[in-house]
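If you want the building blocks of each chain, they are given just below.
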Amino acid sequence: MNNQYVIGVDFGSDSVRALVVNAQTGEAVGTHVHEYTRWKKGLYCDPATSQFRQHPLDYLEGLTATITGALAQAPAEVRQQVVGISIDTTGSTPCAVDETGLPLALRPDFAENPSGMFILWKDHTANAEAEEINNLAHHWDTDYTKYVGGIYSSEWFWAKMLRTLRVDETIREHAFSWIEHCDWISAVLTGNANPLTLKRSRCAAGHKALWHSEFDGLPSDEFLTKLDPLLSGLRDRLFTDTYTSDQSMGHLSPEWAEKLGLSTNVVIGVGAFDAHMGAIGAEIEPYAFVRIIGTSTCDILMAPNEEIGHRLIRGICGQVDGSVAPGMLGLEAGQSAFGDVYAWFARLITGPVRELLGQDAADTLSQQLIPHLSTQAAKLPVTENDVIALDWINGRRTPDANHTLKAAIAGLNLGTDAPKVFKALVEATAFGSRSIVDRFLEEGVPIKKVIAIGGVAKKSPFVMQTLADVLNKPIQVASADQACALGAAMCAAVAAGVHPTMEAAQRAMGSGFDAEYTPQSDKVVVYEALYKKYLKLGAFVEGH
Ligand SMILES: Nc1ncnc2c1ncn2[C@@H]1O[C@H](COP(=O)(O)OP(=O)(O)O)[C@@H](O)[C@H]1O
Ligand SMILES: O=C(CO)[C@H](O)[C@H](O)COP(=O)(O)O
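Residues numbered from 1 in each chain as written. Chains lettered and ligands numbered in written order. Predicted model: local features only at pLDDT ≥ 70, side-chain atom pairs only at ≥ 80, totals over all residues. Heavy atoms only, no water.

- Per an unreviewed UniProt entry, the recorded name for the protein is Ribulokinase, and the organism is Spirosoma arboris.
- UniProt, in the comment section headed Pathway (unreviewed entry), describes the protein in these words: "Carbohydrate degradation; L-arabinose degradation via L-ribulose; D-xylulose 5-phosphate from L-arabinose (bacterial route): step 2/3."
- Per its UniProt entry, the protein bears the Sequence similarities (unreviewed entry) comment "Belongs to the ribulokinase family." (UniProt positions renumbered as here; feature names shortened; annotations may be inferred.)

See the structure below:
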């Protein structure tokens, strides 16, 4: 049989990567990473108000650069043998579009308007709108939040749309519809981004847009109009049906085929979020808990639909039939900041260095800082009197979303140095993870094993060992450097008909695990006590 190749494209928070993979063996023959240029300069963002916007041009440039770059590394004949491309992105990262599905920021009149750009998952400008959605839903005949853990988050679709429509009159006039990043990029490749006909991702719709078959799709027009008359009629300009990522969205358009040097026979798979395709790439199986550990964490668990039945799991980011693999319930949770907690601390230290000693000194410091602090922190003893911190620097995603919460550090004295604070921050991220694991267990969802992927899982043995000690569970790290892109490639192989199921694609293309962290019993005992202190500090901060 001739070789067949597939391409997985993973749009992360800071960068996008493409991976060209042999669909029969899983061998990667080309990869390329591209950092978003406008985003890197901090354009259109204001961390102080939690505004994080990404320009669609960053995505389009990244799409071309990564696919052509990855193909350039592969043997020449691979181009003719590419049969599928699938895309994963962050989410909920929606954008206002016109009748043709063009993001408004791609029009000259909106080119510099952050309201016409993609609203990144970590943008929390819509806290008030999320609260309004919760208040209304909890008093409506149908509680539309019941399949998303009972709490709607400001990171999600409706809150972001409502906020933007409220604050920007020009968007009110020109936004015909709204599209998630994973749907838009996939649709662009097919040449049809018409918001009324493009195939929308089940994953994005179910976890973030309150879509459920029980509601016949999205919340009713009556509910939305009551929420705000600005939303009246919008439901009809969104979608009713949704599709799982084993499905084809269409074929590569002639324009993109020419641009990428590929054939128009290439199947474009239905898109999904990074974490869900990452879980596929990490060889998720029922009741495995896959943690995508990077800027944030996204935790994915998959269970047979019939085993969870009508049980509603409190305080998570949703339970959606088919969000990971068709026929299975995908459950999502996560932390809004994980690596971002360390990145914040590094910025705190390098900021004054930049101002006083210049950019070069700051760059040198920033490259070495987190590894150095990790080495120093790993040498410290773990005691019950250590500094305690909360990981809520970008609010709390789960359990029980609350993005108005803030982080805290307690127990400082004159002997507290940078490694001690860094150790406390790493432990805080691990304690946040522990509270998620505990919630799944309390809700009767067993966790058979823990698998980790993502930048932090690959780069930091110190963080991973701390996490294993705090969770008191072994953690396996997937071998794939680009597990999300590999997962997207597996989805492409299914959408293109190379493999009949996700499971078959995983068996053929999976690359296994290359590290395992086992809990150290002496630390486990101390962390039990420190975790109680974390919960106590959390309750205090939340209460005030
Ligand atoms: N050596 C390290 N130890 C711990 N965290 C790290 C290290 N290097 C980078 N990070 C963190 O990794 C995060 C980026 O994760 P990554 O998975 O690469 O990106 P993304 O979240 O965009 O997919 C950043 O928040 C950064 O602080
Ligand atoms: O919530 C998400 C998916 O449901 C986000 O996409 C995710 O948390 C962002 O990922 P990253 O930390 O890799 O940038």
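What to know about the site of ligand 2
In step 1: In the vicinity of ligand 2, the residues found are Ser 13, Thr 90, Gly 91, Trp 121, Lys 208, Phe 273, Asp 274, Thr 295, Ser 296, Cys 298, Glu 332 and Arg 397.
In step 2: Gly 91 places a polar main-chain atom, nitrogen or oxygen, 3.0 Å from an oxygen atom of ligand 2.
In step 3: Contact between ligand 2 and Thr 295: an oxygen atom at 3.5 Å from a main-chain N or O atom of the residue.
In step 4: For the shell around ligand 2, the class distribution of residues is three nonpolar, five polar and four charged.
In step 5: Lining the shell around ligand 2 are residues from two domains, each supplying at least three of them: domain 1 (5–272) and domain 2 (283–479 + 512–544). (Near = heavy atom within 4 Å. Polar contact = N/O pair within 3.5 Å; in protein donor to acceptor, adjacent residues only side chain to side chain. Nonpolar A, V, L, I, M, F, W, Y, C, P; charged D, E, K, R; others polar. Domains from an automatic or database assignment.)

Description of the UniProt feature "domain: Carbohydrate kinase FGGY C-terminal" (unreviewed entry) in the protein
In step 1: Per the UniProt annotation, the sites labelled "domain: Carbohydrate kinase FGGY C-terminal" (unreviewed entry) are residues 292–496.
In step 2: Annotation note: span residues 292–496, helix share 47%, strand share 17%, distance between end C-alpha atoms 26 Å. (Helix = DSSP H or I, 4+ residues; strand = E, 2+ residues; numbered from the N terminus.)

Concerning the site of ligand 1
In step 1: Near ligand 1 lie 14 residues; those nearest to it are Gly 294, Thr 295, Gly 339, Asp 340 and Gly 455.
In step 2: Here an oxygen atom of ligand 1 and a side-chain polar atom of Thr 295 are 2.6 Å apart.
In step 3: Within the backbone of Asp 340, an N or O atom sits 3.3 Å from an oxygen atom of ligand 1.
In step 4: Starting from 590 Å² of accessible surface for ligand 1 in isolation, the protein chains cover 76%.
In step 5: Residue assignment for the shell around ligand 1 shows that the elements contributing at least two residues are helix H13 (339–357) and helix H16 (455–459). (Areas by Shrake-Rupley, 256 points an atom, 1.4 Å probe, with all protein chains shown as cover.)

Here we look at a negative patch on the surface
In step 1: There is a patch of like negative charges on the surface, built from Asp 141, Asp 221, Glu 222 and Asp 236.
In step 2: Structurally, the position occupied by Asp 221 is in helix H9 (residues 221–227).
In step 3: With relative accessibility at 33%, the residue Asp 221 sits in the partly exposed group. (Patch = residues over 30% accessible without salt bridge, like charges linked within 9 Å, V, L, I, M, F, W, Y side chains within 5 Å. Salt bridge = Lys/Arg side-chain N within 4 Å of Asp/Glu carboxyl O. Lys, Arg positive; Asp, Glu negative; His and termini not counted. Charge placed at Lys NZ, Arg CZ, Asp CG, Glu CD. Buried < 20%, exposed > 50% of the residue type's maximum accessible area, 1.4 Å probe, protein only.)

So, the layout of surface pockets
In step 1: By volume, the second largest pocket amounts to about 270 Å³.
In step 2: Around the second largest pocket sit 14 residues that line it, and Tyr 147, His 212, Asn 305, Asp 321 and Leu 329 are the ones nearest its centre.
In step 3: Going through the elements one at a time, helix H8 (202–208) and strand S14 (319–321) are the ones with two or more residues in the lining of the second largest pocket.
In step 4: With three residues, S14 is the largest single contributor of residues to the lining of the second largest pocket.
In step 5: Broken down by class, the residue content of the lining of the second largest pocket amounts to four nonpolar, seven polar and three charged. (1 Å grid on protein atoms, 1.4 Å probe; cavity = no way out; pocket = protein on both sides within 12 Å on 5 of 7 lines; lining within 4 Å. Points joined across faces, edges and corners; volume = space filled by probe spheres on them.)

What about helix H15 (residues 418–442)?
In step 1: Over its 25 residues, H15 runs 36 Å from end to end, which matches the ideal 36 Å to within 8%, given 1.5 Å per residue.
In step 2: For H15, the tally of buried residues reaches 20 of 25 residues, placing the bulk of the element in the interior.
In step 3: Just past H15, the residue Gly 444 takes up positive phi, approximately 80 degrees. (Expected span 1.5 Å × (residues − 1).)

Brief notes about the sheet that holds strand S12 (residues 288–293)
In step 1: Spatially, the seven strands line up as an open sheet ordered S14-S15-S13-S12-S18-S19-S20, and their pairing is mixed. In this open sheet, the two strands that pair with only one neighbour each are S14 and strand S20 (513–517). Averaged over all pairs of adjacent strands, the angle between their axes in this sheet comes to 25 degrees, without regard to strand direction.
In step 2: Here strand S19 (residues 475–478) runs beside S20; their pairing, made up of four bridges, is antiparallel. Across the sheet, residue Val 477 finds its bridge partner in S20, namely Ala 515.
In step 3: Across the sheet, H15 is in contact with S12, strand S13 (297–304) and strand S15 (328–335); its angle to S15 comes to roughly 150 degrees. (Pairing = 2+ DSSP bridges. Axes fitted to C-alpha atoms, helices over the stretch in contact; angles between N-to-C directions. Contact = heavy atoms within 4.5 Å.)

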